[in-house]
Amino acid sequence: DGVPELAWFAENGVDYDPEALLVQREIFPDGKNSCRVNGRPVTVTLLRRLGLQLINIHGQHDSQRLFDEANHLIYLDAFAHDEALLEAYGAAFSKAQALRREIDRLDMDEAEKARLVETLEYQIGEIERAELRPGEDEELEARRKLLQNAEKLSDALEAAAAALYGDEDSDGAAALLAQAEKALSRVKSVSDDVAALHQKVAELVYAAQDAAEEARDVRDELTYSAEELEQIDVLHKLKRKYGASVEDVLAFLEQAQSQLDEIEFASDKIERLRAQLAKQDEEVQQAGLALREARKRAAVELEKRIQTELSQLDMPKVQFLCQFEEQKPQETGLDLVRFLMSANVGEALRPMAKVASGGELARIMLAMKNVLAEQDAIPT
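Residues numbered from 1 in each chain as written. Predicted model: local features only at pLDDT ≥ 70, side-chain atom pairs only at ≥ 80, totals over all residues. Heavy atoms only, no water.

### Looking at the packing of helix H4 (residues 83-106) against helix H12 (residues 266-312)
Right, on to step 1. Contact geometry of H4 with H12 gives a least axis separation of 8 Å together with a crossing angle of 155 degrees. Classified by the interaxial angle, the pair formed by H4 and H12 is roughly antiparallel. Crossing angle aside, the handedness with which H4 passes H12 is left-handed.
Right, on to step 2. Residues belonging to the contact of H4 with H12 are distributed by class as follows: 18 nonpolar, 3 polar and 8 charged. (Axes fitted to C-alpha atoms, helices over the stretch in contact; angles between N-to-C directions. Helix = DSSP H or I, 4+ residues; strand = E, 2+ residues; numbered from the N terminus. Parallel < 35°, antiparallel > 145°, perpendicular 65-115°, else oblique. Left-handed = near helix turned anticlockwise from the far one by under 90°. Nonpolar A, V, L, I, M, F, W, Y, C, P; charged D, E, K, R; others polar.)

And the structure:
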C-alpha cells in the first residue's frame, strides 16, 4: 500500500488504485510464467521495470560502486541537495570553457596565421576579379553554349542564307519562288484555284525573303572571342571550387572576408576575450566555493549519519570520513571527494577499497543506501 501514482501505470494501461497495489506472478513447472498487476496481465520485463521503482534491494555486489571514487561525489551531492548550486557552477564553468575554446581558436602561431591569410587573400581576389552577379548562371550558361558552337552556327547560317538568296552558282529558294509567283500571276485570273495557288506562292516568297534576311542578320550579329569564352569558363572554375551556384560562391566570399577580418583583428579580440575569461573564472571560483561549503556542511552530517548506521550494523569502531582535495576547476567543482575509513581504533583513515573487506563494504553501502533513501523516490 501507499504506492504513488507512477507514470508506469498509464504507460502500460494498468489501472491505478490508490488504496492498494496487487502484484502476482505464477511460475509453472514447464518454465512458463504468468504476471499480473492489479489483475492486468503484463510481461516479466514490465514487471521488472515496476519493481525497480517500488523496492530498492541491497545485495553484497552493490558495494562494488564504492570502489569507484567518482561515485563518492555523486553520493555526497545526493545527500546535500545542492542541485541549484551545482547548476549555477556548471553554467559558469561551461561559459568559461567556451571562452577558452574561442581564444584557442583565434590564438594561432604567426606562421600558421600567415599561411591562412595568404590563402584567404588569394580566394577573395580570385572571386572578386570575376565580378559575379547573383542569378547570372543561366544567362552565362546560354552564352557559353552559343560561344562553344559559334563556328558551326556561322557556317550553318551562311549556308542557309545562300540556299534562300542564292549565290554565284545557283539561284536561291527566294528567287525560284519569285519566278513561280511571276508565272502564276499571268494566269491567276483564269480560275479561282489558280488565284489561290498564286496567293500561296506569293506568301512563300515573302516568307523566304524574310527568312533569308533574318539568317544574314543573325550571322552578322554573331560576334565572339576566345577571351569572352575564357571569362565565362572562369565562372565554372569558381563554382567547382567554391559552390554549386553564383550565390554559393558569393556566400563563400563573404565568409572568407569575415574570416580574414577576424584574423587581422584577432589580437584585439583575444585581449577582450581574456578580460572576459578573467571575470568568468572569478565567477567560477565563487560558485565553486559556495558549492564546496554546501558539500562540506553536508559531509559533516553524512559522516555522523553513516557512523550511526554502522554502529547498528555491528561496526561501532569504524571511522568514516569525507576527504576533500582541492583541484583546478573541473565540470564537477573545485574539489575531488573520496570516502575514507578506518576499520579499527587507532588505524589511519585510508581509501575504503584498500582497507575494507567485502562484508564491511557491503554494510557501508547498506548504511549509505539507508541514509540516502530519503533522497530517492523509491518507497521501500
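There is more to say after this.
### Points about the packing of aromatic side chains
Right, on to step 1. Evaluated as defined, the whole model comprises 5 aromatic pairs.
Right, on to step 2. Their ring planes at 15 degrees and their centres at 6.0 Å tell us that Tyr89 and Phe93 sit as a pair that is stacked. Placement of the pair is Tyr89 and Phe93 together in helix H4, with a separation of 4 residues, close to one helical turn.
Right, on to step 3. The side chain of Lys296 reaches across the aromatic face of Phe324, ending 5.5 Å from its centre. (Phe/Tyr/Trp six-rings, centres within 6.5 Å; stacked < 30°, edge-to-face > 60°. Lys NZ or Arg CZ within 6 Å of the ring centre and 35° of its normal.)

### So, H12
Right, on to step 1. Over its 47 residues, H12 runs 65 Å from end to end, which matches the ideal 69 Å to within 8%, given 1.5 Å per residue.
Right, on to step 2. A positive phi of about 60 degrees marks Asp314, the residue just after H12. (Expected span 1.5 Å × (residues − 1).)

### Topic: the pattern of salt bridges
Right, on to step 1. Applying the stated rule across the entire model yields 11 salt bridges.
Right, on to step 2. Arg338 is paired through a salt bridge with Glu325; the nearest N and O atoms lie 3.1 Å apart. Separated by 13 residues along the polypeptide, Arg338 in strand E5 (residues 333-342) and Glu325 in strand E4 (residues 319-330) bring together distant segments of the chain.
Right, on to step 3. Look at Arg338 and you get buried, because its relative accessible area is 16%.
Right, on to step 4. Residue classification places Glu325 among the partly exposed positions, given a relative accessible area of 38%.
Right, on to step 5. Taken together, the salt bridges that share partners define one network made up of Glu69, Glu325 and Arg338. (Salt bridge = Lys/Arg side-chain N within 4 Å of Asp/Glu carboxyl O. Buried < 20%, exposed > 50% of the residue type's maximum accessible area, 1.4 Å probe, protein only.)

### Describing the nonpolar core
Right, on to step 1. Core analysis: the biggest nonpolar cluster contains 27 residues, and Leu66, Leu302, Ile306, Phe339, Met352 and Met368 have the highest contact counts within it.
Right, on to step 2. Sorting the residues of this core by element identifies helix H3 (70-80), H12, E4, E5 and helix H14 (358-372) as the ones contributing at least two each.
Right, on to step 3. Looking at this core element by element, the count peaks at 7 residues for H14.
Right, on to step 4. Apart from the residues lying within four places of it in its own chain, the contact partners of Ile306 are Phe320, Ala367, Met368 and Val371. (Core = buried A, V, L, I, M, F, W, Y, C linked by side-chain atoms within 4.5 Å. Contact = heavy atoms within 4.5 Å.)

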